[in-house]
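# Structural features, examined
Residues per chain, in single letters:
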Amino acid sequence: MTAVDFEIQRTPSEVAARDETGGSRRSRGPRRSHRGPWLRDSLAGIGLVLPALAILGVFTYLPALLVLAMSFFHWNLAGFGKSQFAGVAQYKALLNPYSGFLQSLTVTAYYVGVMLAATLVLGLGLAWLLRGSITRRTRGLGFFRAVVFLPYVTPAVATSVVWVFIFNPQFGLANALLRALGLPAIGWLESSTWALPAVMINNLWKQLGFAVVLFLAGLSRIPSDVMEAAELDRASPSRIFRRIVLPYLSPVTLVVVIITTITAMQTFGSIYTLTGGQFGGGGGPINSTTTTAIYLYKSAFVDFHYGYGAAVAVVMFVLLLILTLVQRKLGERYTFYR
Amino acid sequence: MQGLARRLKEGGRYALLIAVAACFGFPLYWAVVLSVARRSQVFTLPPHLLPAFDLHPFERMLSAQPWGLYFLNTVVITSVTIILVLVTGALAGYALALREFRGREVVFGLLLAALLVPAEATLIPDYVIAARLHLLNTLPGQILPFGANVFAIFLFRQFFKTLPPSLWEVSQLDRVGWWRYLWRVAVPMAKPAVVTVSLLTFATQWSAFQWPLIITQGPAVRPVEVGLSFFQGFDGTHWREVAGAAIFTMLPIIVVFIFAQRYFIEAVAGQTGEK
């Protein structure tokens, strides 16, 4: 018999009696039972969260405020005192078409849009292909899932280095494949038209596994009797998909949409590696792969315009904040920390 | 007849599965082929798709850069970060789950707020702060900013909340204080949380690129991914050597993935609250 069972069998009066004798500490829930004198408890509680809060304070909370302040200065490393106040000049510069910021937003929107559409279609398709069934076991399913998921955990730089070879116009496999299919070869990373699609292919390969895992989790939540009933009724596959699968998947789909969008907006390592970051910032032929994340990096750490980079960061902050808040609102039912 | 139709359908599904696996596995396979190819087999059309097992490119790659040092740096950065995240996460998670103290709600709100701040927003100020704290071009500079993780804190809190109260009672009978209870009983009971947090921290720190790219200068504290990026910049035309280096840097993650695949996938999916 475990201690919990034992507790239940006690009569209320017995518990009350123990309360009076001071034995209550042990019989109540753990939250109360860890209680000591009030002041000591509060100090201990704060002390326990302090290490985490200190790190977050220095590297998250303080910077989140600093970035806003910096964006109003022509900031240099000597500090605020030695930096010239800029007012909103840097935000005005963002809107200037020649600054390249607006172009970076366009590039980001193009990249995010394609990644989103492709991730939803291919991710769901792959999950459907990789789904398990209680009635029929498919051998090797775990292996196939692992192969699809593996790229997601590999380092971005290491894999993009390989994709650079694949996209080589002369000897790369991508063009070898096109030639074999009787199609004209493409300049890929050297072409302002094809550099971004090359980044998309690289990152779809790398990130699809994540969406597949989420969709698989969603698919596994569809009650099997619902599916069986539909199959017994000889409902067509397309009807089953539209009427049963999609409604069940809608919460997962929303999560995939938001996470894919955020991830796409934050992409850095692969773009840097694919389109010549190591030769001074990166961003592709005529900035064709300069997303806002790359633009932010280049502003601050290639051109050393920290204040201007901070203004870019504030805009990204706001955009990502909206997305995160939407995600939280939508995903409230599914989050674990409530 | 129905049996045949079903078999055909199963066969078609397998064909499709194999095609998908080939697409996803190919780039990594290709990296292996390139890294052991003979010189005459690299810049040729049509490309050689089978490995030749020439180990010279590997030897040249290993002697071209201080990879051992880069590896050591990454191992130190990754392992110390894992320990830090576990300790800060377990302490804060325990406080939030099992202790009542003034300001607990405030702390909770602060932690939730931290989840709203993206890395892009803090990148530039973090660099400035790291400079002020003399953390530029150091190993601690690559560890400390990642030493606390809100996801880890909430995960520990969630596990600690589900611990049966009887455990604490028994521990008290044995005169075990809360500190020992936390480390000897609660944390071992929250093993899934420890595994998840360790794997996620391992994957992100081993792959870390942008932050170390910004704050490291010479090779002394450079991690592998940054080392690889520089190697690609200088020797990008040496395909076999660069491919070998890429394999070399991702091998630890692949090995861990093979052995802890299920936990890895659960950890990544669990991060979104979708389990």
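Please read all numbers here as calculations on a predicted model, not as lab measurements.

This next bit is on the overall build of chain B. Secondary structure summary: chain B contains 14 helices and zero strands in total. In summary, chain B has a C-alpha radius of gyration of 24 Å against a globular reference of 19 Å for 275 residues, an excess of more than 25%. Overall, the C-alpha framework of chain B stretches about 70 × 70 × 35 Å when taken along its three principal axes. With 275 residues in all, chain B has 45% of them scored as buried. The long-range share in chain B, meaning contacts at least 24 apart out of those at least 6 apart in sequence, stands at 72%.

Looking only at helices and strands, chain A features 16 helices and two strands. Split into buried and exposed, the 338 residues of chain A put 39% on the buried side. When contacts within chain A are restricted to residue pairs at least 6 apart in sequence, those whose partners lie at least 24 apart make up 65%.

Take the packing of helix α2 (residues 56-64) of chain B against helix α13 (residues 239-259) of chain B next. All names here are of chain B. Viewed as axis vectors pointing N to C, α2 and α13 meet at an angle of 70 degrees, and their least axial separation amounts to 8 Å. As the angle between them shows, α2 and α13 are arranged roughly perpendicular. Residues Pro57, Phe58, Arg60, Met61 and Ala64 of α2 pack against Arg240, Glu241, Gly244 and Ala245 of α13. Among the residues forming the contact of α2 with α13, the class breakdown is five nonpolar, one polar and three charged.

On to the confidence of the model for chain A. Residue and element names in this part refer to chain A. The pLDDT averaged across chain A works out to 83; a share of 84% of its residues lies at or above 70. Summarising per-element confidence for chain A, the mean pLDDT is lowest in helix α1 (residues 3-9) (32) and highest in helix α7 (residues 101-130) (95). Note on residues 1-32: pLDDT is under 50 here. Beyond four places in sequence and across chains, it has 26 contacts. Note on residues 334-338: pLDDT is under 50 here. Beyond four places in sequence and across chains, it has nine contacts.

What follows deals with unusual backbone geometry. For residues other than glycine, phi is negative in most cases, and the peptide bonds are mostly trans. Even without a glycine there, the phi angle at Arg234 of chain A is positive, about 55 degrees. According to the C-beta neighbour criterion, Arg234 of chain A is exposed, with 7 such atoms within 10 Å. Of note, His134 of chain B is a non-glycine position whose phi angle comes to about 55 degrees, a positive value. A tally of 10 C-beta atoms within 10 Å means that His134 of chain B is categorised as exposed.

Turning next to the interface of chain B and chain A. Each side of the interface is counted separately: chain B has 88 residues, and chain A has 87 residues. Across the side of chain B that touches chain A, the residue classes tally to 61 nonpolar, 17 polar and ten charged.

Residues and elements named next belong to chain B. Here chain B shows a mean pLDDT of 89. Residues at 70 or above account for 98%. Ranking the helices and strands of chain B by mean pLDDT puts helix α6 (residues 140-143) first, with 97, and helix α14 (residues 261-270) last, with 82. Across the predicted assembly, pTM comes out at 0.88 and ipTM at 0.91.

Rules used in this analysis
- Sequence order as written defines the numbering, with residues in each chain counted from 1.
- Chain letters and ligand numbers both follow the written order, the letters beginning at A and the numbers at 1.
- Only residues with pLDDT of at least 70 are given local features in this predicted model, and only at 80 or more are side-chain atom pairs given and counted; all residues enter the totals for whole chains, interfaces and linings.
- Secondary structure elements follow DSSP: runs of H or I no shorter than four residues count as helices, runs of E no shorter than two count as strands, and numbering proceeds from the N terminus.
- We compute the radius of gyration over the C-alpha atoms and compare it with the globule rule, which gives 2.2 Å times the number of residues raised to the power 0.38.
- Partly exposed residues are those falling between the two cut-offs: more than 12 but fewer than 20 other C-beta atoms within 10 Å of their own, whereas 20 or more means buried and 12 or fewer means exposed, with C-beta atoms placed from the backbone.
- Our contact criterion uses C-beta atoms placed from the backbone: two residues qualify when those atoms are within 7 Å.
- Lines are fitted to the C-alpha atoms to define the axes, a helix being fitted only along its stretch in contact, and any angle between axes, read from their N-to-C directions, falls within 0 to 180 degrees.
- Between 65 and 115 degrees an angle is taken as roughly perpendicular, under 35 as roughly parallel, over 145 as roughly antiparallel, and anywhere else as oblique.
- Under the convention adopted here, Pro, Cys and the residues Ala, Val, Leu, Ile, Met, Phe, Trp and Tyr are nonpolar, Asp, Glu, Lys and Arg are charged, and Gly plus all remaining residues are polar.
- A residue's pLDDT is the confidence the predictor assigns to it, expressed on a 0 to 100 scale.

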